[in-house]
Amino acid sequence: MSNTSSALRIVWIYPDLLSTYGDQGNVLILQRRAEQRGIPTEIVRVHSSDAVPEQGDIYLLGGGEDRPQILAAERLRADGGLARAAARGACVFAVCAGYQIIGESYGDDEANPLPGVGILDIRSGRGQTRAVGEIVADVDPSLGVGRITGFENHQGRTAIGPQARPLSTTVKGIGNDDRTEGAYQGQILGTYLHGPALPRNPQLADLLLRWRVGALNPLPPAWGERLHDERLAAALR
């Protein structure tokens, strides 16, 4: 862990702009699954008027509407703290609007390209149709996560550059482009999945924790695993 204390520092970026679909759930499940394993945590909430601290372990960005997304991207680029943290090796998990703005570019509501934060080699624009509904995808086997589920509601389409890799292959839903969903590059990971994504997919939450603390003790199956299995069965029915 990167900070001087023994706590895992989880930084929630701009909850006043990027928290459309209960994205605080991603923060809470990381904290819960860490502390169940005896790993102390510190939650840092960074509002859009605050500087982004560079000494975090896991940075979380949620979804947002068009105007808040533009404001968030502008402020993150001007601040520079997230980019410096990522360059230092911190883990970043970004959802939907957050996923788009950590890339090289994204589209506004008029499909005009705007610059992103540039820490993930993706480029996003606007598709002809809106992707709405349940999504199921098989994560890159090298990540050891398996099949994930979520809810998507976006008009974005995302192209992945050579430095990044698709997070998963879609089984049902649109994701990036009807074929893949999300992307990752080192310890930077983005997805269109709401739900929230991490409570619905505990193994994805554990992947982020492993990236920061190493091997994890297994936890007995609980409500998160049951939710994952229930939503997966319902989505594929």
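Note that the structure is a prediction, hence the values are computed from the model and not measured. (Residues numbered from 1 in each chain as written. Predicted model: local features only at pLDDT ≥ 70, side-chain atom pairs only at ≥ 80, totals over all residues. Heavy atoms only, no water.)

(A) Quick look at the pattern of salt bridges. This structure, assessed with the given rule, holds 13 salt bridges. Between Glu 42 and Arg 9 there is a salt bridge whose closest N-O contact spans 3.7 Å. Here Arg 9 lies in strand β1 (residues 8-13) and Glu 42 lies in strand β2 (residues 41-46), a separation of 33 residues in the sequence. A relative accessible area of 32% places Glu 42 in the partly exposed class. Residues participating in the shared-partner salt-bridge network are Arg 33, Arg 37, Asp 206 and Glu 225. (Salt bridge = Lys/Arg side-chain N within 4 Å of Asp/Glu carboxyl O. Helix = DSSP H or I, 4+ residues; strand = E, 2+ residues; numbered from the N terminus. Buried < 20%, exposed > 50% of the residue type's maximum accessible area, 1.4 Å probe, protein only.)

(B) The arrangement of the environment of Arg 37 in detail. With respect to the helices, strands and loops of the structure, Arg 37 is situated in the loop between α1 (24-35) and β2. A C-alpha to C-alpha distance of 29 Å links Arg 37 and His 47, two positions ten residues apart in sequence. Residue contacts for Arg 37: discarding those within four places in its chain leaves Asp 206, Leu 209, Leu 216, Asn 217 and Leu 219. Here Asn 217 takes part through its backbone oxygen, which lies 2.6 Å from a polar atom of the side chain of Arg 37. (Contact = heavy atoms within 4.5 Å. Polar contact = N/O pair within 3.5 Å; in protein donor to acceptor, adjacent residues only side chain to side chain.)

(C) The pairing of strand β7 (residues 122-139), seen in detail. Where β7 lies against strand β8 (residues 147-160), 13 bridges are found, and the strand directions are antiparallel. Paired with Ile 135 across the strands is Gly 150, a residue of β8. Examined bridge by bridge, β7 and strand β9 (residues 165-172) share four bridges and lie antiparallel to one another. Paired with Asp 138 across the strands is Thr 169, a residue of β9. (Pairing = 2+ DSSP bridges.)

(D) Structural view of the UniProt feature "domain: CobB/CobQ-like glutamine amidotransferase" (unreviewed entry) in the protein. In the numbering used here, UniProt assigns the feature "domain: CobB/CobQ-like glutamine amidotransferase" (unreviewed entry) to residues 9-201. Secondary structure content for residues 9-201 is 22% helix and 39% strand, while the C-alpha to C-alpha distance between its ends is 21 Å. (UniProt positions renumbered as here; feature names shortened; annotations may be inferred.)

(E) Representation of the UniProt feature "binding site: substrate" (unreviewed entry) in the protein. What UniProt calls "binding site: substrate" (unreviewed entry) maps, in this numbering, to Arg 130. The residues contacting Arg 130, other than those within four sequence positions of it, are Asn 153, His 154 and Gln 155. At 2.8 Å, the side chain of Arg 130 and the side chain of Asn 153 are in polar contact.

(F) Representation of helix α2 (residues 66-79). The end-to-end C-alpha distance of α2 is 20 Å, a good match for the 20 Å that 14 residues give at a rise of 1.5 Å each. Taken together, the buried positions of α2 are Gln 69, Ile 70, Ala 72, Ala 73 and Leu 76. Buried residues along α2 cover an arc of 165° about the axis, so they all sit on one side. What points out from α2, more than 90 degrees from its buried face, is the exposed set Arg 67 and Ala 78. Those residues of α2 hidden inside the fold are in contact with β1, β3 (58-61), α3 (81-88), α4 (97-101), β5 (105-107) and β6 (113-115). (Expected span 1.5 Å × (residues − 1). Arc of directions from axis to C-beta.)

(G) Representation of helix α7 (residues 223-235) within the structure. Look at α7: 18 Å from first C-alpha to last across 13 residues, which is about the 18 Å you get at 1.5 Å a residue. Packing partners of the buried residues in α7 comprise α1, β7, β8, β9, α5 (197-200) and α6 (202-213).

(H) Quick look at the environment of Ala 72. With respect to the helices, strands and loops of the structure, Ala 72 is situated in helix α2. Exposure remark for Ala 72: the relative accessible area of 0% places this residue in the buried category. Contacts of Ala 72, omitting those with residues within four sequence positions, involve Tyr 14, Leu 17, Leu 18 and Ile 101.

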